[in-house]
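Chain by chain, the residues run as shown.
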Amino acid sequence: MTECNQSSFGFEASGRREIVARFDGGTISSDGGAFLLRQTDKRLDLLRRLAECFLDGRNPLLIEHTILEMLSQRVYGLALGYEDVNDHEQLRKDPVFGVLAGREALEEPLAGKSTLNRMELGTGANDRYKKIAFREEAVDELLVKVFIESHASAPAEVVLDMDTTDLPLHGKQEGRFFHGYYDNYCYLPLYVFCGDHVLCSRLREANHDASFGCLAEIRRIVTQIRAAWPEMKIVLRGDSGFCRNELMSWCESNGVDFVFGLARNQRLRKIIGQQMHEATQQWNQTGKPARVFSEFEYSTKRTKKGGWDCARRVVSKAEHIDGKENPRFVVTSLPREQWAAQVLYEQLYCERGDMENRIKEQFSLFADRVSAGTMRANQMRLYLSAMAYILVSGLRRLGLQATELAQAQVSTIRTKLLKIGAQIRVSVRKVWVSMASSYPWQGLYQQVWENLRC
C-alpha cells in the first residue's frame, strides 16, 4: 500500500498573499528561555544535591539514564508547564531538554515515561523493577539548607508561616479520606514558608486537623536554622487551625515567638462586648467599617482532653462591617511593648495572607497532580513541584531583581520569560538557540542574563 505524505498545505489567502504551511522549519522549541532556569540551577546547585537524596539500586553497568538526568527532566518540565510524565515521551527527544538534563549525546533520547514512572514509584524495598527511592529526611533538609544559603548574612528575624490546603483526589489512592470542609476526597498537605522560600512540603491524609504533625516539622526546621544562626529570632505564624497548646508550649520553652489566630467563641465575644458596642456605634454614625482593638489575658478551661497550660496574651479586633459583627482574635507571645494590638494584627498577623499566593504558585507547578497510587509516590511529586518552585523563585530573586517582574507570579514568569519560540541547531561544538526576533521582552531577557552571571 502506498503511503502519501503531503509536504505543504495551502490556506485561504491573506489579501493578495498566498498562505503555504510546511513542516520544514527544523527543530523548533517553545522553551527557548529555559536556559535561564539552567543558569539559576548553576547558582543554586539544587538539582545535583537533590539527586544525592536518592538511593539507586540499579546495576551501574546497565544504567542509561542517571538519577540527576531524570530528576532534571521532571523538575524542568514542571517549571516549563509540563505536568505529567506522559509529556516526556515527546520531550525526551527535544535537544533543549537534553541540554537541561546535562546529556552529552544530544542525539540520544532522554528517559521515557515508563522509566520516569518507575523512579517515582520506588519504595526502597527490594523490587525487580523499581530500584530507585528517595530519602525523605534528606529532601527536607535540602529545602531548609537552600533557604539558609539564600542569605549572605543572618537576618535579624525570620517569620515562619504555616498553612494547609486541599489536593482533590479522583481515584482510590492510598490515604483517601473525605473532608467535610472541602466537600471532597482529598489530601491536606502542610506547607511552611518564610517569605518566598518553601521550607516544608508535607503530604498528609485528610482525616486529621490542620495542626497534625506540625510540631515535628517546626522542631526540625527551627533546629536546622539555629544550627546555622544560633541567635536568630524566630516568629511562628498561622491561622486558628494551628492554635494548639502543645505547639505554643513548645515555642515558649524554646524561645520561639508565635502569633496564631484564635477561633471565636461566646466567652471571647462576651469579653469584648464593650469594644463591639463602640464599633457598632461608629458604624451607625459613619456607615463605614469600624474597628476597635483591645487586648487581654486569656486561657481556655482545662479539661481531660486538653486546654492551655497558662494564660496568654490575646489581641482582639471588634469590627462592624456591612451591618454585622466581625470579631477576630489572635493569641501571641510577643510583648505589647514591641507590638501594640492594632499594629500586631494589621501589620504582622494579616501579612500571612501572602502565603496563600505562594501556595497558589505550587498549583501552577502542578503540586495537585497527586494521581499516583501510594502516599510515598505522591509525596515525591509534591517534592518535585517544590523544587521547580525553588528554581523559578530563585530566578525571580537572583535574575529579576529590580525589574518589572521582580514580584511576578510563577505562571507569569513562565509565560513571559521561559516560553520563547526558538530554532535549535546542534553542531559538534555548539548548540545554537535562535529565539524569535519578535520576542517583546528582549531587554528584560538581557538584564536577567546579566544578573544571573554575576
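Scroll up to find the structure this text is about.
What this report covers is the structure whose coordinates are included nearby.

About the thresholds
- Residues numbered from 1 in each chain as written.
- Predicted model: local features only at pLDDT ≥ 70, side-chain atom pairs only at ≥ 80, totals over all residues.
- Heavy atoms only, no water.
- Helix = DSSP H or I, 4+ residues; strand = E, 2+ residues; numbered from the N terminus.
- Areas by Shrake-Rupley, 256 points an atom, 1.4 Å probe, with all protein chains shown as cover.
- Pairing = 2+ DSSP bridges.
- Core = buried A, V, L, I, M, F, W, Y, C linked by side-chain atoms within 4.5 Å.
- Buried < 20%, exposed > 50% of the residue type's maximum accessible area, 1.4 Å probe, protein only.
- Contact = heavy atoms within 4.5 Å.
- Phe/Tyr/Trp six-rings, centres within 6.5 Å; stacked < 30°, edge-to-face > 60°.
- Lys NZ or Arg CZ within 6 Å of the ring centre and 35° of its normal.
- Disulfide = S-S within 2.5 Å.
- Polar contact = N/O pair within 3.5 Å; in protein donor to acceptor, adjacent residues only side chain to side chain.

### Brief notes about the overall build of the chain
When helices and strands are tallied, the chain shows 16 helices and 19 strands. Overall, the C-alpha framework of the chain stretches about 90 × 65 × 50 Å when taken along its three principal axes. Summed over its atoms, the accessible surface of the chain is roughly 23100 Å², and 48% of this surface lies on carbon and sulfur atoms.

### Re the sheet that holds strand E9 (residues 184-187)
Taken in spatial order, the three strands make up an open sheet running E7-E9-E8, and their pairing is antiparallel. Each edge of the open sheet is held by one strand with a lone partner, namely strand E7 (167-168) and strand E8 (177-179). In the sheet, E8 pairs with E9 via three bridges, with the strands oriented antiparallel. Bridge pairing in E9 places His 179 opposite Asn 184.

### Some points on the pairing of strand E19 (residues 431-435)
Two elements, strand E18 (residues 422-426) and E19, share five bridges in a ladder whose sense is antiparallel. The partner of Ala 422 across the bridge, within E19, is Met 435. What sits between E18 and E19 in their antiparallel hairpin is a turn of four residues.

### Some thoughts on the nonpolar core
Core analysis: the biggest nonpolar cluster contains 81 residues, and Leu 37, Leu 50, Phe 54, Leu 71, Met 387, Leu 395 and Leu 417 have the highest contact counts within it. In contact with Leu 71, other than residues within four places in its own chain, are Leu 50, Ala 51, Phe 54, Met 119, Met 380 and Leu 384. Counting residues in hydrophobic clusters, the runner-up holds 45 residues, among them Leu 215, Cys 243, Leu 268 and Val 292.

### Looking at the packing of aromatic side chains
Scanning all chains against the criterion turns up 15 aromatic pairs. Taken together, a centroid distance of 5.0 Å and an interplanar angle of 85° make the contact between Tyr 181 and Tyr 182 edge-to-face. By relative accessible area, Tyr 182 is classed as partly exposed at 27%. Measuring from ring centre to ring centre gives 5.5 Å for Phe 258 and Phe 260, while their planes differ by 15°; the resulting arrangement is stacked. A relative accessible area of 0% places Phe 258 in the buried class. Using a relative accessible area of 0% as the deciding quantity, one classes Phe 260 as buried. Grouping aromatic residues by their ring pairs yields a cluster made of Phe 54, Phe 134 and Tyr 383. The lysine or arginine in question, Arg 176, covers the ring of Tyr 185, its NZ or CZ lying 3.7 Å from the ring centre. Between the NZ or CZ atom of Arg 312 and the centre of the ring of Trp 308, over which it lies, the distance is 5.4 Å.

### As for the state of the cysteines
Inspection of every chain in the model, using the stated rule, returns zero disulfides. Cys 243 carries a free sulfur, and the closest cysteine sulfur to it, the one in Cys 214, is 11 Å from it.

### Some points on helix H1 (residues 35-44)
Looking at H1, one finds that the buried residues are Phe 35, Leu 36, Leu 37, Thr 40, Asp 41 and Leu 44. Just downstream of H1 lies Asp 45, where phi reads positive at about 55°.

### Describing the environment of Trp 229
Within the secondary structure, Trp 229 sits in the loop between helix H8 (214-228) and strand E12 (233-238). We classify Trp 229 as buried; its relative accessible area is 9%. Separated by 76 residues in the primary sequence, Trp 229 and Ser 153 have C-alpha atoms spaced 9.2 Å apart.

### Comments concerning the side chain of His 88
Topologically, His 88 is positioned in helix H4 (residues 88-91). A polar side-chain atom of His 88 sits 3.5 Å from a polar atom in the side chain of Gln 73.

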